[in-house]
Amino acid sequence: MATLGRALLILAFAVTIYAVVSALYGGRKRKPEWVVSSRNAMYALFGLLSIAFLILEVAFLRDDFSFETVATHSSTTTPILYKFAAAWSSQEGSLLLWAWLLSGFSSLVLFLNRRRLQEITPYATAVLAGFGTFFTMLLVFSNSPFETLSIVPPDGTGLNPLLRHPAMMIHPPMLYSGYTLFTIPFAFAVGALIARRVDAEWISVTRRFTLAAWFFLGIGIMLGARWSYAELGWGGYWAWDPVENASLMPWLTGTAFLHSMMIQEKRGMLKVWNSSLVLATGTLAIVGTFLVRSGILDSIHAFVDAGNYVAFAFTGLICAMTLGSVYLVVSRRDILRSEHRLDSLLSRESMFLLNNIVLVAMCFVVFWGTFFPLISEAVTGDKAAVGPPWFSKYIVPLALVLILLTGVGPVIPWRRASWANARRVFALPAVVAAIAFVVLLLLSDAGDKPWALGLFTVAAFALAVAAQEFWRGTRARMAMSDQHAPGAFVSMVRRNRRRYGGYIIHIGVAVLFIGVAASSAFQHVEDVRLDVGEKTEVGGYTFTYVKPTSTISIRDGGVEKINFGARMRVTKDGHFVANLDPARGYYPSAAVVAFGPVGRFFEGEATSEVRMDAGWTRDVWVSLAPDGQWINKVSDGLDEKLKNAPVEQQLRAVGGLAAFYRSNPPAATFRVLVSPLVMWVWIGAIITFLGGAVALWPAPDAARRRARASAAARVAQDLGRTKAKTT
Amino acid sequence: MDVLAPLLIILVLGAVVWLISAPLRAKATGRELPADVRDAQRRRDLEIERDQKYAEIRELEMDLRTGKLSDADYRETDRALRAEAVDILHALDELGVPTEAQRDADAGVPPVSDAAPVADEPAPEAAVAQSRNTPDA
């Protein structure tokens, strides 16, 4: 099947080249049959890559170790769901996933718009096919998932233990869906600029895909944060790591675009800005893929070292996208002029513009901080990096303004608002915010953290605005129909999905930032070395190291890993809170000769088995690092004794080592955290994406027709009057 | 497998070539892009702008009913929006009745954009009157 897989990739590469050429030829020469042929080529690409991906998945599920990527990323003992996910744990598998998703989404958008945007579609097809060419080129010439081994090993090396987490099955596909979906508005923006058709339709066509990209990328980001918090032993959900930042940048500019596109839809303004934003977002999506797949920046998420070819190819693509985007926007500035000007500074347009500036500023901060190591290396020769405090210094004030705007924007009408009305609609939310401020200042220690206090206050304001909007909307709906409040509420949301989906997102974002502000500003964290029986106090909780634990995981007759752990008893004011059992899992290295029969267990991958007691108001979180010196000393001694012993004896010695750890435990180092309101980070994220789903869900045609009927009738009356005048 | 793989490859290659070449083979009976494709595109843009303008008018009503606008501001903005909508309808009129080819080109396209609809009760002038009766409008 590897031969078939390789042939499919070569064919896919040829098909993408054909699609680029035929789309451009059809577009330039106005020959629709060539445009349709290029579209069919994209459908064919999807079919080819689907079969290729299926072949790879089957190889993983069947433990076909003749495939090099299967042998190096899976094993017979890998659980079946992780075998399925292992396909995209490798460089070549993830590139194939990227190309497959790209071909699927491209086919979908081209199919849905097969009778629309006839001038733009050929160029958009060429751009999408161009991305396809790039990724299939990498798959054919550099990173083929269908490379085979001349000597087939009896077993594989297995999936990296750090990747053995349920999120592995959904986190990468979500991120990649987001990245690939962002290439669609990019492609249509390029098409619109080339064809000089920058009117309403391309925005309308790509809006839903942009929202879908934002939705999937956002879910991917939050799943990654949750994974990091629950699996990695450092104790946080966001480390400003380059790979994390890579996904955040297009999400921020995509969020900005989703707001500013409304200004273009309604007022014909900000065309240069919107074109630039969508082109930048598409480029940043490729930058994100590059950072994940190249390993060019040091990252806790860097599981690959791509080599020069991939890095060089991505750099070339990013340069081409950047320069091409700048050229297109500059050369088309004559058709990108705004049709209107801002009527008033107190208008929703102004608020959206301000929101865009804040989001783009955040993106710039993230970009600068992420690439600072490369910039500093280029300038000074030293690869210096900036840490979380640097990011917080700039991001926190910007986030505060953003949340404030989240509250202000929805209640300011388009075009202009009067101060009298503004005062009226802001009165209640301002009172709520003031009460929140005073209560927090007087009854908590929030006064010690002014930025956090500010964030809580503006979040309270934003939540009050959203609640007020839902209440007033429901009441208006009740006045217009005979429905009771719940029915009116559901009906209102159903008929105004975009508006109220947006408000739900605002609620989610405000809740999320409350969680972020509380858990980062008021977190208590301590790294402490304890012997059995010793205790420590953190954040008002007492942590007692009750006893050591150790287990050996056996899978298919072999030792999968050794766990050294601890029982930690948590109490507060003498009352029992929880027993937590953190551990460190050691997976054996295959290099028995180099590291010894016992030592090899401590030279392979190791994972933190974090344990926490999560609650509505706080999380108590513990990770453990056993004494490395003790482990080395004991394992070295055993290796010396057992180097010529039979395998069974060596395995018994491993069991003996686990028992020895329990009976003669060394001191262990614990990281202990007490973080308030972390749960609300996840709840906020769920609310946010629920709002995204509401906004994404299409309104029924009947509702659309009803919605426009009244306005159409009124305008028709006006039209009749003007026609009567002219005749 | 040695025989099967080349056979499958040939089969897939044939299917791809068949799919991609279908529009080229059908060219003799296929349709051309309408000569006045720019007009068709312009019509689509105007129709979308028209639908968005209708949505704006409805949103404005909603803003009035939820107390974001005074009556005076509502009337002024509503008048401006309706004037803009009339301009768009005039522009559509100027493009004339769509030709058969343009209708073909637009076949299968939903008649309205996916711009957000607002509430469904029309209440043209009654929106203002009704809002006056609500406590905070």
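Calculation criteria
- Residues numbered from 1 in each chain as written.
- Chains lettered and ligands numbered in written order.
- Predicted model: local features only at pLDDT ≥ 70, side-chain atom pairs only at ≥ 80, totals over all residues.
- Heavy atoms only, no water.
- Helix = DSSP H or I, 4+ residues; strand = E, 2+ residues; numbered from the N terminus.
- Areas by Shrake-Rupley, 256 points an atom, 1.4 Å probe, with all protein chains shown as cover.
- Salt bridge = Lys/Arg side-chain N within 4 Å of Asp/Glu carboxyl O.
- Buried < 20%, exposed > 50% of the residue type's maximum accessible area, 1.4 Å probe, protein only.
- Core = buried A, V, L, I, M, F, W, Y, C linked by side-chain atoms within 4.5 Å.
- Contact = heavy atoms within 4.5 Å.
- Expected span 1.5 Å × (residues − 1).
- Pairing = 2+ DSSP bridges.
- Axes fitted to C-alpha atoms, helices over the stretch in contact; angles between N-to-C directions.
- Parallel < 35°, antiparallel > 145°, perpendicular 65-115°, else oblique.
- Left-handed = near helix turned anticlockwise from the far one by under 90°.
- Polar contact = N/O pair within 3.5 Å; in protein donor to acceptor, adjacent residues only side chain to side chain.
- Phe/Tyr/Trp six-rings, centres within 6.5 Å; stacked < 30°, edge-to-face > 60°.

S.K.: Explain the overall build of chain B here, please?
M.R.: If you tally the helices and strands in chain B, you get 5 helices and 0 strands. Its helices and strands in sequence order give chain B the pattern α-α-α-α-α, from N to C terminus. Accessible surface for chain B amounts to roughly 6,400 Å². Of this, 61% is attributable to carbon and sulfur atoms.

S.K.: Is there a simple way to explain the pattern of salt bridges in this structure?
M.R.: Opposite charge on two side chains lets them pair, provided their charged atoms get close. Within the structure shown, the criterion is met by 20 salt bridges over all chains. Put simply, B:E59 and A:R499 hold a salt bridge, and the shortest N to O gap is 3.3 Å. Taken together, the residues B:E59 in helix α2 (residues 37-65) and A:R499 in helix α17 (residues 497-521) connect one chain to another. Using a relative accessible area of 10% as the deciding quantity, one classes A:R499 as buried. Each of A:K266, A:E469, A:R499, B:E59, B:D63 and B:K68 takes part in one network of salt bridges that share partners.

S.K.: I'm lost on the nonpolar core in this one. Help?
M.R.: As a rule of thumb, soluble globular proteins bury nonpolar side chains together. All names here are of chain A. In terms of nonpolar packing, the biggest core is built from 177 residues, with F188, W202, W214, I286 and M362 touching the most fellow members. Residues contacting M362, with those up to four places away along its chain left out, are L252, I395, L398, A399 and L402. Among the nonpolar cores identified, the runner-up in size contains 35 residues, and F564, Y586, F601 and F670 belong to it.

S.K.: What should I look at first to understand helix α15 (residues 450-480) of chain A in this one?
M.R.: Note: α-helices contain 3.6 residues per turn, so residues at a spacing of three or four share the same orientation. The end-to-end C-alpha distance of α15(A), which contains 31 residues, comes to 45 Å, matching closely the 45 Å that a straight helix rising 1.5 Å per residue would cover. Counted residue by residue, α15(A) has 23 buried out of 31 residues, so it is predominantly covered.

S.K.: I would appreciate a short explanation of the environment of A:V36 in the present structure.
M.R.: With respect to the helices and strands, A:V36 occurs in helix α2 (residues 32-61). With 10 residues separating them along the chain, A:V36 and A:G26 place their C-alpha atoms 8.5 Å apart.

S.K.: Quick question: what am I supposed to make of helix α6 (residues 121-141) of chain A here?
M.R.: Taking 1.5 Å of rise per residue, 21 residues should cover 30 Å, and α6(A) covers 29 Å from first to last C-alpha, within 8% of that figure. For α6(A), the tally of buried residues reaches 17 of 21 residues, placing the bulk of the element in the interior.

S.K.: Help me understand the pairing of strand β3 (residues 541-555) of chain A in this model?
M.R.: Walk down a regular strand and you will see the side chains alternate between the two sheet faces. All names here are of chain A. In the sheet, strand β2 (residues 535-538) pairs with β3 via 4 bridges, with the strands oriented antiparallel. Looking across to β3, one finds that K535 is bridged to T544. Alignment of β3 against strand β4 (residues 558-572), held across 13 bridges, turns out to be antiparallel. Looking across to β4, one finds that T551 is bridged to N563.

S.K.: Please explain the packing of helix α8 (residues 200-231) of chain A against helix α9 (residues 242-267) of chain A as it appears in this structure.
M.R.: For any two helices packed against each other, one specifies the crossing angle of their axes together with the interaxial distance. Residues and elements named next belong to chain A. The interhelical angle for the contact between α8 and α9, taken along N-to-C directions, is 150°, at an axis separation of 9 Å. Here α8 is positioned roughly antiparallel relative to α9, judged by the angle of their axes. α9 is crossed by α8, and the crossing has left-handed handedness. For the pair formed by α8 and α9, the contact residues are W202, I203, R207, T210, L211, W214, L217, G218, I221 and S228 on the first element and E244, S247, L248, P250, W251, G254, T255, F257, L258, M261, Q264 and E265 on the second.

S.K.: Could you clarify how one ought to interpret the side chain of A:T542 in this entry?
M.R.: All names here are of chain A. Structurally, T542 is set in strand β3. A residue is classified by how much of its surface remains accessible, and T542, at 12% relative accessible area, is buried. At 2.8 Å, the side chain of T542 and the side chain of E537 are in polar contact. Setting aside residues up to four positions removed in sequence, T542 forms contacts with K535, T536, E537, R569, V570 and T571.

S.K.: Before we go on, may I ask you to explain the packing of aromatic side chains in this structure?
M.R.: In this description, an aromatic ring pair is defined by two values, namely the gap between the centres and the angle between the planes. All names here are of chain A. Per the counting criterion, the structure on display carries 45 aromatic pairs over all chains. On the basis of an interplanar angle of 80° and a centroid distance of 6.2 Å, the ring pair of F470 and Y503 is categorised as edge-to-face. You can see F470 sitting in helix α15 and its partner Y503 sitting in helix α17, a full 33 residues away along the chain. On the basis of relative accessible area, Y503 is assigned to the buried category, the value being 6%. Look at W630 and Y661: their rings are 5.4 Å apart centre to centre, the planes differ by 75°, and that puts the pair in the edge-to-face class. With a gap of 31 residues between them, W630 in helix α19 (residues 628-642) and Y661 in helix α20 (residues 647-663) connect regions that are remote in the sequence. Since its relative accessible area comes to 15%, W630 is described here as buried. Taking the relative accessible area as the measure of exposure, Y661 reaches 0% and is therefore buried.

Remember that the coordinates give geometry; whether it matters functionally is a separate question.
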